[in-house]
Amino acid sequence: WIYSKWAKDFDDMTDLSQDLREKLKASATVGMLGLAHLQVSRDDTRKYLFQLPDGKIVESVLMAFQDRPSLTACVSSQVGCAVGCTFCATGYLGFKRNLTSNEIVDQIMTIQRESGRRVGNVVYMGQGEPLLNTDEVVASVKKLINTVGIGARHITVSTSGIVPGIKQLTRENLPITLALSLHAPDTETREEIVPITKRYPIHEVMEAMADYAETTGRRVTIEYVLLKDVTDHPEQAAQLAELVRDLHCNINLIPFNPTMNPNGVMLYDRPTR
């Protein structure tokens, strides 16, 4: 009833006896996130602001694509984020807390109930760094596969390069896609825009990604945001090609979506086509 029919409460479960439903209501709840705000774009992308049981809020997004029938949900793994990438609005929030595996799964379930549509793909690319909350993220992935019924090959976990988390995910050997938010192929530039590079150098991150690809047999994804005159130079494209030469991967180029820092300053610009 909960995972196949998206029941909101025990009263929906009409093939259970009234007595059993009353006992269930007295001892358990069906996980539901509060909908604080919903925005729907012209292409039917739906952006959700969910309120958690403790009042904190996170974002999720339901995306539809013209070239594929299945829907993709982008979910958060933390409230805020501690990584602090300089181009990321979530990084300006700072870190509040980790989400539980149930709160991650409940984003998917609440999206399905609100939209009336089944989610076929899940990407952990919302608020937070998933691999700073690896135990709960892995637990939620297993629930999505075994209980919600979303195939492992339709799940992507994105990281800014948390080497211990990548290694833990490698040990789990789940047939999911791992995406690396690389954003710059050289240490100097990456340290500027992804400060955690100082803790986990590029060569260590790339070694961990290569080990993941080899162990799982899964092609990884390299996410690369294009910041005008910062990460979009032709020589950086050549450096990127050299860096991933022996890595079984896709490269996803992302033009920067302008956002202001807390002081109202736009640090970067979007490049031209």
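Above: the structure in question.
Residues numbered from 1 in each chain as written. Predicted model: local features only at pLDDT ≥ 70, side-chain atom pairs only at ≥ 80, totals over all residues. Heavy atoms only, no water.

J.: Any chance you could explain the overall build of the protein chain here in plain terms?
T.: What the protein chain contains, in helices and strands, is 7 helices and 11 strands. Taking 273 residues into account, the globule formula puts the C-alpha radius of gyration at 19 Å, and the protein chain, at 20 Å, falls close to it. Structurally, the protein chain occupies a C-alpha span of about 70 × 45 × 35 Å along its principal axes. Counting across all 273 residues of the protein chain, residues that qualify as buried make up 48%. Taking contacts inside the protein chain between residues at least 6 apart in sequence as the whole, the part at least 24 apart equals 61%. (Helix = DSSP H or I, 4+ residues; strand = E, 2+ residues; numbered from the N terminus. Rg over C-alpha atoms; globule rule 2.2 N^0.38 Å. Buried < 20%, exposed > 50% of the residue type's maximum accessible area, 1.4 Å probe, protein only. Contact = heavy atoms within 4.5 Å.)

J.: Please explain the state of the cysteines as it appears in this structure.
T.: Disulfide: a covalent bond connecting the sulfur atoms of a pair of cysteines. In this structure the tally under the stated criterion is 0 disulfides. With no disulfide of its own, Cys-88 has Cys-85 as its nearest cysteine by sulfur position, at a separation of 6.1 Å. The partly exposed category is assigned to Cys-88, whose relative accessible area is 27%. (Disulfide = S-S within 2.5 Å.)

J.: So what exactly am I meant to see when it comes to the packing of aromatic side chains here?
T.: Summed over all chains, the structure comprises 2 aromatic pairs. Geometrically, the ring pair formed by Tyr-48 and Phe-50 is stacked, given 5.2 Å between the ring centres and 15 degrees between the ring planes. Of the two residues examined, Tyr-48 and Phe-50, each falls in the buried class. Ring plane angle 80 degrees and centroid distance 6.1 Å describe the contact between Phe-256 and Tyr-268, whose orientation is recorded as edge-to-face. One end of the pair, Phe-256, is in the segment after β11 (249-255); the other, Tyr-268, is in the segment after β11, with 12 residues separating them in the sequence. According to the relative accessible area criterion, Phe-256 is buried, its value standing at 2%. For Lys-5, the ring lying beneath its charged end belongs to Trp-1, and the centroid distance is 4.2 Å. (Phe/Tyr/Trp six-rings, centres within 6.5 Å; stacked < 30°, edge-to-face > 60°. Lys NZ or Arg CZ within 6 Å of the ring centre and 35° of its normal.)

J.: Where do I start with helix α4 (residues 163-172) in this structure?
T.: Each α-helix winds once per 3.6 residues, and so residues spaced three or four apart point in a common direction. Looking only at α4, the buried set comprises Val-163, Gly-165, Ile-166, Gln-168, Leu-169 and Thr-170. In this structure, the buried residues of α4 make contact with α3 (134-148), β8 (155-159), β9 (177-181) and α6 (202-216). Remark: Asn-173 follows α4 within two positions and exhibits a positive phi of approximately 55 degrees.

J.: Which parts of the structure should I look at to understand unusual backbone geometry?
T.: A negative phi angle is the norm for most residues apart from glycine, just as the trans form is the norm for most peptide bonds. Positive phi values are uncommon outside glycine, yet Asn-173 reaches one of about 55 degrees. Of note, the phi angle at Asp-229 is positive, near 65 degrees, even though the residue is not glycine. By secondary structure assignment, the location of Asp-229 is in the loop between β10 (220-226) and α7 (234-243). The exposure class assigned to Asp-229 is exposed, which follows from its relative accessible area of 54%.

J.: I keep staring at the pattern of salt bridges and nothing clicks. Help me out?
T.: For the structure shown, the criterion picks out 11 salt bridges. Across the pair Arg-46 and Glu-114 runs a salt bridge whose closest N-O atoms are separated by 2.8 Å. Remark: Glu-114 occurs in helix α2 (residues 101-115) and Arg-46 occurs in strand β2 (residues 46-51); sequence separation between them is 68 residues. Classification of Glu-114 as partly exposed rests on a relative accessible area of 28%. A salt bridge links Asp-54 to Lys-56; the shortest N-O distance between them is 4.0 Å. Taking relative accessible area as the criterion, Asp-54 reaches 42% and is therefore assigned partly exposed. The exposure class assigned to Lys-56 is partly exposed, which follows from its relative accessible area of 33%. What emerges from the salt-bridge pattern is a single network uniting Asp-44, Arg-46, Glu-114 and Arg-117. (Salt bridge = Lys/Arg side-chain N within 4 Å of Asp/Glu carboxyl O.)

J.: What am I meant to see in the side chain of Glu-223 here?
T.: You can see Glu-223 is positioned in strand β10. Glu-223 gets classed as buried once you look at its relative accessible area, which sits at 6%. Within the structure, Glu-223 has its side chain in polar contact with the side chain of Asn-252 (distance 2.7 Å). Discounting residues that sit within four places of it in the chain, Glu-223 has contacts with Met-125, Ala-179, Leu-180, Ser-181, Leu-182, His-183, Asn-252 and Ile-254. (Polar contact = N/O pair within 3.5 Å; in protein donor to acceptor, adjacent residues only side chain to side chain.)

J.: I'm lost on the pairing of strand β3 (residues 57-65) in this one. Help?
T.: On a regular strand, each side chain points to the face opposite its neighbour's, so the side chains alternate between the two faces of the sheet. In this structure, β2 lies alongside β3, joined through 6 bridges in antiparallel fashion. Paired with Phe-50 across the bridge in β3 is Val-58. (Pairing = 2+ DSSP bridges.)

J.: What am I meant to see in α2 here?
T.: Here α2 contains 15 residues, and its C-alpha end-to-end distance of 22 Å stays within 8% of the 21 Å for a straight helix at 1.5 Å per residue. Burial of α2 is extensive: 13 of the 15 residues sit out of reach of the surface. Of the residues trailing α2, Gly-116 is marked for its positive phi of about 70 degrees. (Expected span 1.5 Å × (residues − 1).)

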